[in-house]
Amino acid sequence: MQEEQEFINQLLNPKTQNIAFQRLLSEYQRPLYNHIRLIVLNHDDADDVLQNCFIKIFQHLKNFKGESKLFSWMYRIATNEALTFLKQKAKANHITSEALQNKTIENLEADVFFDGNEMQLKLQKAIAQLPEKQQLVFKMKYFEELKYEEISEILGTSVGGLKASYHLAVKKIEAFVANN
């Protein structure tokens, strides 16, 4: 924790800020991109959201209170940025968030950055049927292999609630895959 606080101080200090921010980018750019990509599904959209995410992190770092890990705080920002992006994109296209997600999944096959097979496409369709919170919990646990405690910090939900959400999500996905 002390090491993390020193790193935050380096990020806030104008003399060490540039080097510290380069370190922040090198350590967190890939994991945050992967997290955002799981939510927005599209590579170009994930890149845009990632840029916005790092801008917000940089702008709001002075407000970071250290009540959670820096990792969790940044993931919360990334999650919120991705969800906001999807809502805005759906609104701009005059469709529901669900319709946007289904359209995005249909476009995954043509996405050169998606290397999934037919089963992975079916899994994405199954996940799209879940409520937003169950989608997030499932993706963070299944794909990113985050611990429930980490997800709890990121989403601000109890571990027990997360376990229940994940269990329900798995049951719904299994039913979808079996019936489609």
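Keep in mind that what you see is a predicted model, and the values were worked out from it rather than measured.

**Focus: the overall build of the protein**
Scanning the protein for helices and strands turns up nine helices and zero strands. For the protein, the succession of helices and strands along the chain, N to C, is α-α-α-α-α-α-α-α-α. The C-alpha atoms of the protein give a radius of gyration of 17 Å, which matches the 16 Å a tight globule of 180 residues would have. When its C-alpha atoms are laid out on the principal axes, the protein stretches across 60 × 35 × 30 Å. Put simply, the protein has 180 residues, and 42% of those count as buried. Restricting the contact set of the protein to residue pairs at least 6 apart, pairs at least 24 apart contribute 60%. Summing over all exposed atoms, the protein offers an accessible surface of approximately 10,600 Å²; the carbon and sulfur share of this is 50%. In the protein, which carries 22 positive and 23 negative side-chain charges, the distance between the mean positions of the two groups comes to 5 Å.

**Observations regarding the packing of aromatic side chains**
In this description, a pair of aromatic rings is defined by centroid distance and the angle of the planes. Inspection of the entire model under this criterion finds nine aromatic pairs. Summarising the aromatic geometry, the rings of Phe21 and Phe58 are spaced 5.0 Å apart at their centres and angled 70 degrees between planes, so their arrangement reads as edge-to-face. Here Phe58 lies in helix H3 (residues 43-60) and Phe21 lies in helix H2 (residues 17-40), a separation of 37 residues in the sequence. Note on Phe58: relative accessible area 39%, which makes it partly exposed. Taking 4.9 Å as the distance between ring centres and 15 degrees as the angle between the ring planes, the aromatic pair formed by Phe138 and Tyr142 counts as stacked. Taken as a pair, Phe138 and Tyr142 lie in helix H7 (residues 132-143) at a separation of four residues, close to a single helical turn. Judged by relative accessible area, Phe138 falls into the buried class, the value being 3%. The partly exposed category is assigned to Tyr142, whose relative accessible area is 43%. The ring of Tyr148 carries the charged tip of Lys141 above its face, separated from the ring centre by 4.5 Å.

**Re unusual backbone geometry**
Only a minority of non-glycine residues have a phi that is not negative, and only a minority of peptide bonds are not trans. At Leu41, a position not held by glycine, the phi torsion is positive, near 75 degrees. By the element assignment, Leu41 lies in the loop between H2 and H3. Although it is not a glycine, His94 sits at a positive phi angle of roughly 55 degrees. Looking at the secondary structure, you find His94 in the loop between helix H4 (70-92) and helix H5 (97-108). Given a relative accessible area of 74%, His94 falls into the exposed group.

**Quick notes on the UniProt feature "domain: RNA polymerase sigma-70 region" (unreviewed entry) in the protein**
Mapped onto the present numbering, the UniProt feature "domain: RNA polymerase sigma-70 region" (unreviewed entry) falls on residues 25-90. For the annotated span residues 25-90, helix accounts for 83% and strand for 0% of the residues, and the straight-line distance between the end C-alpha atoms is 29 Å.

**Side note on the side chain of Glu81**
Its location among the elements puts Glu81 in helix H4. Look at Glu81 and you get buried, because its relative accessible area is 13%. Excluding its chain neighbours within four sequence positions, the residues that come into contact with Glu81 are Val49, Asn52, Cys53 and Lys56.

**Structural notes on the nonpolar core**
Leu24, Leu32, Ile36, Ile57 and Leu70 are the most contacted members of the largest nonpolar core, which has 50 residues in total. Among the elements that take part in this core, H4 stands out by supplying twelve residues, more than any other. Not counting chain neighbours up to four residues away, the residues in contact with Leu24 comprise Phe7, Leu11, Gln29, Phe54, Ile57, Leu70 and Met74.

**Overview of helix H8 (residues 148-155)**
Within the span of H8, buried status applies to Tyr148, Ile151, Ser152 and Ile154. Mapping the buried residues of H8 onto a view down its axis gives an arc of 165 degrees, with all of them on the same face. Where H8 is buried, its residues meet H4, H7 and helix H9 (159-179). A positive backbone phi angle near 70 degrees is found at Gly156, which sits one or two residues after H8.

What counts, and where the lines are drawn
- Residues numbered from 1 in each chain as written.
- Predicted model: local features only at pLDDT ≥ 70, side-chain atom pairs only at ≥ 80, totals over all residues.
- Heavy atoms only, no water.
- Helix = DSSP H or I, 4+ residues; strand = E, 2+ residues; numbered from the N terminus.
- Rg over C-alpha atoms; globule rule 2.2 N^0.38 Å.
- Buried < 20%, exposed > 50% of the residue type's maximum accessible area, 1.4 Å probe, protein only.
- Contact = heavy atoms within 4.5 Å.
- Areas by Shrake-Rupley, 256 points an atom, 1.4 Å probe, with all protein chains shown as cover.
- Lys, Arg positive; Asp, Glu negative; His and termini not counted.
- Charge placed at Lys NZ, Arg CZ, Asp CG, Glu CD.
- Phe/Tyr/Trp six-rings, centres within 6.5 Å; stacked < 30°, edge-to-face > 60°.
- Lys NZ or Arg CZ within 6 Å of the ring centre and 35° of its normal.
- UniProt positions renumbered as here; feature names shortened; annotations may be inferred.
- Core = buried A, V, L, I, M, F, W, Y, C linked by side-chain atoms within 4.5 Å.
- Arc of directions from axis to C-beta.

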